[in-house]
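A structural walkthrough
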Amino acid sequence: MTASAEETVDLAIQGMSCAACARRIERQLTRAEGVQEAQVNYATHRARVSFDPTASSLPALIGIVVDTGYGASLLQRPEAALEAEEKARAEELKDLTRRFAVSVSLTVPLLTLAMAHGRIAFAGMNLVQLLLAAPVLAYGGAHFFRGAWKALRSRSSDMNSLVALGSGAAFGYSVLATLFPAAFQPSGHAHHAAMPAVYFEAAAAIITFLLLGRLLEARAKGKTGEAIKKLLGLQPKTARVLREGNELEIPIEAVAKGELVLVRPGEKIPVDGVVEGGASSVDESMLTGESLPVAKARGDEVFGATLNTTGSLQVRATHVGLDTAIAQIVKLVQDAQGSRAPIARLADTVSGYFTPVVLTIAVLTFVLWFWLAPAETRLTLAFVNAVSVLVIACPCALGLATPTAILVGTGKGAQLGILIKGGAALEQAHKLTTVVLDKTGTVTEGKPALTNLTAFALPEDDILRLIAAVEALSEHPLAAAIVGAAKARGLTIPPAEAFEAVPGRGVRAQVEGQVVLIGNQAFLAEQGIATDATHTEAERLATEGKTPIFVAVSGTLAAVLAVADPIKPTSQDAIARLKRLGLEVVLLTGDNKKTAEAVAAQVGITRVVAEVLPEGKVAELKRLQGMGQIVGMVGDGINDAPALAQADIGIAIGTGTDVAIEASDITLIKGDLQGVVNAIALSKATMTTIKQNLFWAFIYNMIGIPLAAGLLYPFNGWLLSPIFASAAMSLSSVSVVVNSLRLKSFKA
């Protein structure tokens, strides 16, 4: 009997609020019968589960997630999944904005009363504070209390548990002190009119500060759906097919494998296929990254979503729907993003152990004080000291340690032209060991330009005028580069007549009474024009990875030129800086090997991987990662999107495509490789600040908790009241924020 086939499903998860939630769901799914593997991604709110269909089922898996305290549903086609995700994110952002607005409007007057230090006092002030604070905890803090309850149900704890304990203890104590003030005044002092101290402002401030953090996190959370949405938008919606001799325009989904598809000039090719008729040049830059169009004739392969430029094509469909190259790119992006594990935040990890320890200390504090203190004060002292422990242990500084540094770091990055999508990129960028660079648009300018012109029979400007006159009538992108070069020199371009394009060869026209031929060596040979005299120059251009173009005027060889993609002026220095940081630099491109090696030699790169399609780029990155390398990928094209998503850190050149930018973790606005070095340096500075913040937050708790429990009381009679515990908590938070603000002085 054969073993049952493994089935894999993707689920959309609702209700996760931190990385600990993802770990909790993953743990429950992994323990379930029949489940072989489960990966839950907090960043994308998705779960990928592999299971034995004979031992489990989709409803059973969804039931496990629901029983854990979260929502789940099956992810459908990419478009439907994107719509659902966008709707959920919008609702989450709207809800957090509402809760924060209510909380901050009520917390500000609470803090005003607390900071008045008795200068504002009136009958019933504590009751007013209670009425102000209650909605903050009940409405603004509901998210945290629900999260703490979910953690408790699964016998674990997280940051929500700490928030609920700290704010709940401060609020609960303050409510009791407001409703039963006599119980919180020492024996023999009940006649005093002074109101007992309350800590409503501490409880409300905890909730409000952390709501702000969640709100900012929701806004900055990786827009994984945007990249896929733009990829899907590249596909044409309809196709023109030939059925029974009739030309029909039908939805792209209705095209069948084997059908003949007609593609006009300027249209996107709707399917993958083979050319059966016609000739043209096709812009495949979205697939290969190469800026120069590729000539296509009968028997050549073409790909869906690439752009047909100059001629009409008849294409026999070989791959349709989910089998096309663009559909595979969408899948590669989804797979890479879905398999990327969320970076575990140190605060969440520590809180898993910290919360039960704090709770145990608070309970022991209450028991010991109730047992050892004098009978008339033992209840008050036991309760106040236990609350002091919980208040001083509240994770405000711990919760602010990472997000404040990330906020300042990402803000500084924006000033430097480095856009960073949240903390995950900053936490990882400084660990990179290998930087993989795309060629076109990343190391090079990404736009064809006239790089070489050697004239033989005429002065250089005169021959350029004639060449530009012919190319001005051509639709080829190389022609635009030549015409642009002539205009840049201020040359007057004369009119041309009798223009003719010879597919795969070149062009001819008459200019000022002279016949001008422009094309490859074979084209001129067919016209009886020898090119032997240009052998040395042509060989030199080929060595540099450039394709020589020959020019003849009135039957005489007149010039040899090259149009190529020039290297960015800053690329060589940036690559040298990366090497000085101890990083291995790799050039990874879809362009031909000779051109890639020539470019690599000029910028100082020794390792080149060329002639690879998007799946090949992903495979190379996976190979490097399998060797233990932490890989950063730098690219600008649609073809780079899967690799950018697969890399540990994807860095997009801001002058590139929207898809590449959306699929990346870091975007360099200036399109300059120097930004890669600056991003790594900023990452190191930010991570140093985060570690300092966490150190001070932990030290503060390690010192403050024993003091709040009354460790010094036997020696000097000193106790830390909740109000001083609250002040200490605030001071630790301020120190963390101030330390984070030092990142504003970072210099690249």
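Residues numbered from 1 in each chain as written. Predicted model: local features only at pLDDT ≥ 70, side-chain atom pairs only at ≥ 80, totals over all residues. Heavy atoms only, no water.

Defined as follows: UniProt positions are given in the numbering used here, feature names are shortened, and annotations may be inferred rather than shown by experiment.
Under the annotation held in an unreviewed UniProt entry, the protein chain carries the name P-type Cu(+) transporter and is attributed to Armatimonas rosea. Under Catalytic activity (unreviewed entry), UniProt gives the following word-for-word description of the protein chain: "Cu(+)(in) + ATP + H2O = Cu(+)(out) + ADP + phosphate + H(+)".

1. Thoughts on the overall build of the protein chain
Definition in use: Here a helix means four or more residues in a row that DSSP labels H or I, a strand means two or more in a row labelled E, and each is numbered from the N terminus. In this scheme, a residue with accessible area under 20% of its type's maximum is buried, one over 50% is exposed, and one in between is partly exposed, where area comes from a 1.4 Å probe on protein chains only. Using the Shrake-Rupley algorithm and a 1.4 Å probe, accessible areas are obtained, with residue cover drawn only from the displayed protein chains.
Scanning the protein chain from N- to C-terminus turns up 27 helices and 26 strands. Across the 748 residues that make up the protein chain, the buried fraction comes to 51%. Accessible surface, the protein chain: about 32,900 Å² in total, of which carbon and sulfur atoms supply 60%.

2. Focus: unusual backbone geometry
The phi angle at Glu-512 is positive, at roughly 50 degrees, despite the residue not being glycine. Mapped onto the secondary structure, Glu-512 falls in the loop between β18 (506–511) and β19 (514–519). A relative accessible area of 49% places Glu-512 in the partly exposed class. Even without being a glycine, Glu-611 presents a positive backbone phi close to 55 degrees. Topologically, Glu-611 is positioned in the loop between β23 (607–609) and α22 (614–626). On the basis of relative accessible area, Glu-611 is assigned to the exposed category, the value being 54%.

3. Some thoughts on the sheet that holds strand β9 (residues 280–283)
Note the following rule: At least two bridges found by DSSP between two strands are what make those strands a pair.
Strand order in the open sheet formed by 3 strands is β10-β9-β12, with antiparallel pairing between adjacent strands. At either end of the open sheet lies a strand with only one pairing partner, and these are β10 (294–296) and β12 (307–308). Note that β9 and β12 share 2 bridges and pair antiparallel. Paired with Asp-283 across the two strands is Leu-307, which belongs to β12.

4. Thoughts on the pattern of salt bridges
Cut-off, in case you're wondering: Put simply, a salt bridge is a Lys or Arg side-chain nitrogen that is within 4 Å of an Asp or Glu carboxyl oxygen.
Summed over the entire model, instances satisfying the criterion amount to 21 salt bridges. A salt bridge links Arg-540 to Glu-537, with the nearest nitrogen and oxygen atoms 2.8 Å apart. You can see Arg-540 and its partner Glu-537 sitting in helix α19 (residues 535–543), 3 residues apart, about one turn around the helix. With relative accessibility at 35%, the residue Arg-540 sits in the partly exposed group. Among the salt bridges present, the one from Glu-584 reaches Arg-607, with a minimum N-O distance of 4.0 Å. Of this pair, Glu-584 sits in strand β22 (residues 584–588) while Arg-607 sits in strand β23, and the two are 23 residues apart along the sequence.

5. Section: a nonpolar patch on the surface
We count it as follows: Patch building starts from residues that exceed 30% relative accessible area and form no salt bridge, then joins like charges within 9 Å and nonpolar side chains (Val, Leu, Ile, Met, Phe, Trp, Tyr) within 5 Å.
A cluster of nonpolar side chains, contributed by Leu-364, Leu-368, Trp-371 and Leu-372, occupies part of the molecular surface with about 490 Å² of accessible area. Tracing the sequence through the fold places Leu-368 in helix α11 (residues 346–372).

6. Focus on the side chain of Thr-686
Quick reminder of the rule: Should any heavy atoms of two residues lie within 4.5 Å, those residues are considered in contact.
Looking at where Thr-686 falls in the secondary structure, it is placed in helix α25 (residues 674–709). Given the relative accessible area of 0%, Thr-686 is considered buried. If we skip the residues at most four places from it in the chain, Thr-686 touches Ala-405, Ile-406, Gly-409, Leu-426 and Leu-743.

7. Examining the UniProt feature "transmembrane region" (unreviewed entry) in the protein chain
According to UniProt, the feature "transmembrane region" (unreviewed entry) maps to residues 100–122, 128–149, 161–184, 196–216, 350–371, 383–408, 694–713 and 719–741 in the numbering used here. Spanning residues 128–149, this segment combines 95% helix with 0% strand, and its end C-alpha atoms are found 28 Å apart.

8. Some words on the nonpolar core
Let me state the cut-off plainly: Put simply, buried Ala, Val, Leu, Ile, Met, Phe, Trp, Tyr and Cys residues joined by side-chain atoms within 4.5 Å make one nonpolar core.
In terms of nonpolar packing, the biggest core is built from 43 residues, with Leu-437, Leu-578, Ile-605, Val-634, Ile-666, Leu-673 and Val-676 touching the most fellow members. It is α25 that contributes the most residues to this core, 8 residues altogether. Not counting chain neighbours up to four residues away, the residues in contact with Val-676 comprise Val-435, Leu-578, Val-634, Ile-651 and Leu-668. Counting residues in each nonpolar core, the second largest holds 30 residues, with Leu-132, Val-175, Val-198 and Tyr-199 among its members.

9. Description of the packing of aromatic side chains
Worth spelling out the cut-off: Each Phe, Tyr or Trp ring (for Trp, its six-membered ring) is paired with any other whose centre lies within 6.5 Å, and the angle between the two planes then decides the class: stacked below 30 degrees, edge-to-face above 60, tilted in between.
In this structure the tally under the stated criterion is 4 aromatic pairs. On the basis of an interplanar angle of 10 degrees and a centroid distance of 6.0 Å, the ring pair of Phe-366 and Phe-370 is categorised as stacked. Of this pair, Phe-366 and Phe-370 are both found in helix α11, 4 residues apart, which corresponds to roughly one turn of the helix. The exposure class assigned to Phe-366 is partly exposed, which follows from its relative accessible area of 29%. Assessed through its relative accessible area of 33%, Phe-370 is described here as partly exposed. Between Phe-695 and Trp-696, the ring centres sit 5.3 Å apart and the planes meet at 75 degrees, which makes this aromatic pair edge-to-face.

10. What to know about the side chain of Ser-571
Topologically, Ser-571 is positioned in helix α20 (residues 571–580). A relative accessible area of 1% places Ser-571 in the buried class. Not counting residues within four places of it along the chain, the set of residues in contact with Ser-571 comprises Thr-442, Val-443, Val-603 and Leu-673.

11. As for the pairing of strand β15 (residues 434–437)
Neither face of β15 is left uncovered, since the one carrying Thr-434 and Val-436 and the one carrying Val-435 and Leu-437 both have all their residues buried. Relative to β22, β15 is paired through 4 bridges, and the arrangement is parallel. Along β22, the bridge assignment pairs Val-436 with Val-586. As defined by bridge partners, β15 adjoins strand β24 (residues 631–635) across 4 bridges and the pair is classed as parallel. In the strand pairing of β24, Val-436 is matched with Met-633.

12. Considering α25
Counted only if it meets this: Helices are assigned an expected span. That span is 1.5 Å times one less than the residue count.
Relative to the 52 Å expected for 36 residues at 1.5 Å per residue, α25 spans 53 Å between its end C-alpha atoms, a close match to the ideal helical length. Trailing α25 by a residue or two, Gly-710 shows a phi angle of about 95 degrees, which is positive.

13. Observations regarding the sheet that holds strand β1 (residues 7–14)
This is how it is decided: All axes are obtained by fitting lines to C-alpha atoms, using only the stretch in contact for helices, and the reported angles, taken between N-to-C directions, cover 0 to 180 degrees.
Spatial ordering of the open sheet is given by β2-β3-β1-β4, a layout of 4 strands whose pairing is antiparallel. Both edges of this open sheet fall to β2 (35–41) and β4 (71–74), since each of them pairs with a single strand only. Direction aside, the axes of adjacent strands within the sheet are offset by 25 degrees on average. Those strands touched by helix α2 (residues 58–67) are β1, β2, β3 (46–51) and β4, and its axis lies near 160 degrees from that of β4.

14. Details of the pairing of strand β8 (residues 272–278)
The side chains of a regular strand alternate between the sheet's two faces. By the bridge criterion, 6 bridges tie β8 to strand β13 (residues 313–319) in an arrangement that is antiparallel. Residue Val-274 lies in a different strand from β13, and its bridge partner there is Arg-316. Across 2 bridges, the pairing between β8 and strand β11 (residues 301–302) is antiparallel. Looking across to β11, one finds that Val-274 is bridged to Glu-301.

15. Remarks on the packing of α20 against α25
Under the convention used in this document: Orientation labels follow simple angle bins: below 35 degrees gives roughly parallel, above 145 gives roughly antiparallel, 65 to 115 gives roughly perpendicular, and whatever is left gives oblique. Classes in brief: Ala, Val, Leu, Ile, Met, Phe, Trp, Tyr, Cys and Pro nonpolar; Asp, Glu, Lys and Arg charged; the others, Gly included, polar.
Across the interface, α20 lies against α25 with an axial gap of 8 Å and an inter-helix angle of 30 degrees. In terms of orientation, α20 and α25 fall into the roughly parallel class. Of the residues in α25, those touching α20 at Asp-573, Ala-574, Arg-577 and Leu-578 are Gln-674, Val-676, Val-677, Asn-678 and Ile-680. Grouping the constituent residues of the contact of α20 with α25 by class yields 5 nonpolar, 2 polar and 2 charged.

16. As for the packing of helix α12 (residues 378–392) against α25
α25 packs onto α12 with a crossing angle of 170 degrees between their chain directions and a minimal axis gap of 8 Å. With respect to α25, the element α12 is oriented roughly antiparallel. Note on element contacts: α25 touches α12 through Tyr-700, Asn-701, Gly-704, Ile-705, Ala-708 and Ala-709, opposite Asn-385, Ser-388, Val-389 and Ile-392. Split into classes, the residues belonging to the contact of α12 with α25 amount to 6 nonpolar, 4 polar and no charged.

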